[in-house]
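Given next are the chains, with one letter for each unit.
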Amino acid sequence: MDATFVNEKELKKMDPVFGQLSFNDHEQIVFCNDKDTGLKAIIGIHNSVMGPALGGTRMFNYNSEWDALNDVLRLSRGMTYKSAITGLNIGGGKAVIIGDAKTQKTPELMKKFGEFVHSLSGRYITAEDVGMETSDMDLVRDVTPYVTGISESRGGSGNPSPVTAYGVYMGMKAAAKSQFGSDSLAGKKILVQGIGHVGEALVDYLAKEDALVTIADINKQKLEEVSAKYSAQIYTGADLFDADIDIYAPCAMGATINDDTVYRINAKVIAGAANNQLADENVHGAILQERGITYAPDFLINAGGIINVYAELVHYDKAEIIRRTENIYNTTLEIIDYATKKGITTHQAALETAQNRINLRKLENSRLKS
Ligand code: NAD
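Residues numbered from 1 in each chain as written. Predicted model: local features only at pLDDT ≥ 70, side-chain atom pairs only at ≥ 80, totals over all residues. Heavy atoms only, no water.

Enquirer: How should the pattern of salt bridges be read in this particular structure?
Expert: Evaluated as defined, the whole model comprises 22 salt bridges. A salt bridge links Lys111 to Asp142; the nearest nitrogen and oxygen atoms lie 3.6 Å apart. Here Asp142 lies in the loop between helix H4 (134–141) and helix H5 (161–180) and Lys111 lies in helix H3 (residues 107–119), a separation of 31 residues in the sequence. When its relative accessible area of 32% is taken as the criterion, Lys111 is described as partly exposed. Judged by relative accessible area, Asp142 falls into the partly exposed class, the value being 42%. One salt bridge connects Lys173 with Glu209, and the closest N-O pair in it is separated by 2.9 Å. Pair noted here: Lys173 is in helix H5 and Glu209 is in the loop between helix H6 (197–208) and strand S8 (212–216), with a separation of 36 residues, a long-range link. For Lys173, a relative accessible area of 12% translates into the label buried. (Salt bridge = Lys/Arg side-chain N within 4 Å of Asp/Glu carboxyl O. Helix = DSSP H or I, 4+ residues; strand = E, 2+ residues; numbered from the N terminus. Buried < 20%, exposed > 50% of the residue type's maximum accessible area, 1.4 Å probe, protein only.)

Structure representation (structure tokens):
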């Protein structure tokens, strides 16, 4: 997952929680353990200045608990900035469940997880992420109201992935406009890595625009299905980063732009759904900039899903959700423009913009208190 780039020996040398590389003044970290169901989970509440912490739950077979902790720290921080840059009145949090979603996820485990979420009295509100389905959120809903992304039949908004894909598509078009002078993706060679919930929906948009789509995934059966459905080419080379492409869309796991790949990527635009694409946001963001590659910040362009589930908490209006998600196009252009003017990376520009909003809200909150 996102944490695979971290040198485990280095991690272990640090203090267990507050001294972690990815610890970023998180407000609260909750370790959840239940022997009967085998649940081992970590809930990370990064920042609640803008509101209660909202973010999905990921179930993954981490190599170690260090990886799981590092992942939840990075992901929850990303949620704070994602919601802030999107203008949502919500804070950032995330949860990880340690285990194989295919073999270790049971209804009892999901409900027990829900009880832990409930114990936080709404400070953290969950949703689905990798390894989770809408039906899992329904199980969580049986024990707590602090969950989004539940079935439409139960008053929820269902799977957020199609909206996420639409936002990624908008962000990709904006980045293409900045890099190539036109936002048309027709004829562009685009590699989509990971054709799960979001990746497949993205392929659909790209195929409709006559882009030349190549797909890669570890799931061979899914590759065959998606290839046949959208006439997409399956990547057959030995190494994805040798591919001759215009646009790279990481839609699987994080940290794919790392020391090993950052100088080899042939694409001129990077725009995808995966969270935390840059293994080290400062180092790798700057190298992409030097290489003239337009990087559409992940937490900005993959915000469609959070826009969708957030609406469940306030007022669910599909037209408003689409409008907000479409606006990712304009925000991406603004961020690229701001980064160019300030001579900083697009990732830094997006972080700065989000942080400014949080600082402003903090000031307002303290004025209201006094
Ligand atoms: P998913 O689990 O449905 O799909 C992930 C796909 O990636 C699967 O098909 C899997 O086989 C594939 N994959 C895993 N490891 C791979 C590898 N090494 N190489 C190639 N393919 C690999 O997940 P999703 O919901 O589509 O989310 C994809 C990414 O987008 C995740 O990083 C997630 O955190 C992020 N994201 C998702 C949403 C959402 O609404 N679902 C919102 C924001 C961000």
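Let's pick the thread back up.
Enquirer: What should I look at first to understand the sheet that holds strand S7 (residues 189–193) in this one?
Expert: Sheet strands pair by backbone hydrogen bonding; their relative direction is either parallel or antiparallel. With parallel pairing, the six strands of this open sheet are ordered in space as S9-S8-S7-S10-S11-S12. Since the sheet does not close on itself, it has two edges, and those belong to strand S9 (233–234) and strand S12 (294–295), each with one partner. Where strand S11 (residues 269–270) meets S12, two bridges bridge the pair, whose relative direction is parallel. Paired with Val269 across the two strands is Thr294, which belongs to S12. (Pairing = 2+ DSSP bridges.)

Enquirer: How should the pairing of strand S10 (residues 247–250) be read in this particular structure?
Expert: Remember that side chains alternate between the two faces of the sheet whenever the strand is regular. Side chains of S10 alternate between two faces, with Ile247 and Ala249 and Tyr248 and Pro250 buried alike. Two elements, S7 and S10, share four bridges in a ladder whose sense is parallel. Paired with Leu191 across the bridge in S10 is Tyr248. Where S10 and S11 come together, two bridges link them in parallel fashion. Residue Ile247 lies in a different strand from S11, and its bridge partner there is Val269.

Enquirer: Looking at this structure, how should I read the nonpolar core?
Expert: In summary, soluble globular proteins display a tendency toward joint burial of nonpolar side chains. With 64 residues, the main nonpolar core has Met172, Leu185, Val192, Leu202, Leu206 and Ile215 as its most contacted residues. With ten residues, the top contributor of residues to this core is H5. Each of two domains, domain 1 (20–74 + 92–154) and domain 2 (161–355), supplies a minimum of three residues to this core. Not counting chain neighbours up to four residues away, the residues in contact with Leu206 comprise Tyr169, Met172, Leu185, Ile190, Val192, Ala211 and Val213. Within the second largest apolar cluster, 23 residues are counted, among which are Ala41, Ile43, Ile45 and Met137. (Core = buried A, V, L, I, M, F, W, Y, C linked by side-chain atoms within 4.5 Å. Domains from an automatic or database assignment. Contact = heavy atoms within 4.5 Å.)

Enquirer: Where do I start with the packing of helix H2 (residues 65–86) against helix H13 (residues 346–369) in this structure?
Expert: For any two helices packed against each other, one specifies the inter-axial angle together with the distance between the axes. The N-to-C vectors of H2 and H13 enclose an angle of 75°; their axes lie 8 Å apart at closest approach. The angle between H2 and H13 places the two elements in the roughly perpendicular class. For the pair H2 and H13, the contacting residues are Arg77, Thr80, Tyr81, Ala84, Ile85 and Thr86 in the first and Ala350, Leu351, Thr353, Ala354, Gln355, Arg357 and Ile358 in the second. (Axes fitted to C-alpha atoms, helices over the stretch in contact; angles between N-to-C directions. Parallel < 35°, antiparallel > 145°, perpendicular 65-115°, else oblique.)

Enquirer: For this particular structure, what's the right way to read the side chain of Asn275?
Expert: Of note, Asn275 is situated in the loop between S11 and helix H8 (281–290). For Asn275, a relative accessible area of 13% corresponds to the buried category. A polar contact is formed between the side chain of Asn275 and the side chain of Lys82, at a distance of 3.2 Å. (Polar contact = N/O pair within 3.5 Å; in protein donor to acceptor, adjacent residues only side chain to side chain.)

Enquirer: Just to check I follow, could you spell out unusual backbone geometry for this structure?
Expert: The bulk of non-glycine residues show a negative phi, and the bulk of peptide bonds are trans. The residue Asp210 is not glycine, and still its phi comes out positive at about 60°. On the secondary structure map, Asp210 appears in the loop between H6 and S8. Its identity as a non-glycine residue notwithstanding, Asn276 has a phi of 55°, on the positive side. Looking at where Asn276 falls in the secondary structure, it is placed in the loop between S11 and H8. Given the relative accessible area of 15%, Asn276 is considered buried.

Enquirer: Please explain the packing of aromatic side chains as it appears in this structure.
Expert: The description of two aromatic rings rests on the distance between their centres and on the angle between their planes. Using the criterion set out here, one finds seven aromatic pairs in the structure. Ring centres of Phe18 and Phe23 lie 5.3 Å apart, and the angle between their planes is 80°; on these two criteria the pair is classed as edge-to-face. Phe18 gets classed as exposed once you look at its relative accessible area, which sits at 66%. What makes Phe23 buried here is its relative accessible area of 19%. One aromatic cluster is present, built from ring pairs that chain together Tyr166, Tyr169 and Tyr205. For the cation-ring pair, Lys188 lies above Phe180, with the distance from its terminal atom to the ring centre recorded as 4.6 Å. (Phe/Tyr/Trp six-rings, centres within 6.5 Å; stacked < 30°, edge-to-face > 60°. Lys NZ or Arg CZ within 6 Å of the ring centre and 35° of its normal.)

Enquirer: Even after reading the chapter, I still don't get the site of the ligand, so can you show me in this structure?
Expert: Taken together, 22 residues surround the ligand, and among them Thr164, His197, Val198, Asp217 and Ala252 come closest. At 2.8 Å from an oxygen atom of the ligand is found a main-chain nitrogen or oxygen belonging to Val198. When the ligand is considered free in solution it has 830 Å² of accessible area, and contact with the protein chains removes 82% of it. Of all the secondary structure elements, the ones that give two or more residues to the shell around the ligand are H5 and H6. Taken together, domain 1 (20–74 + 92–154) and domain 2 (161–355) each give at least three residues to the shell around the ligand, which thus spans both. (Near = heavy atom within 4 Å. Areas by Shrake-Rupley, 256 points an atom, 1.4 Å probe, with all protein chains shown as cover.)

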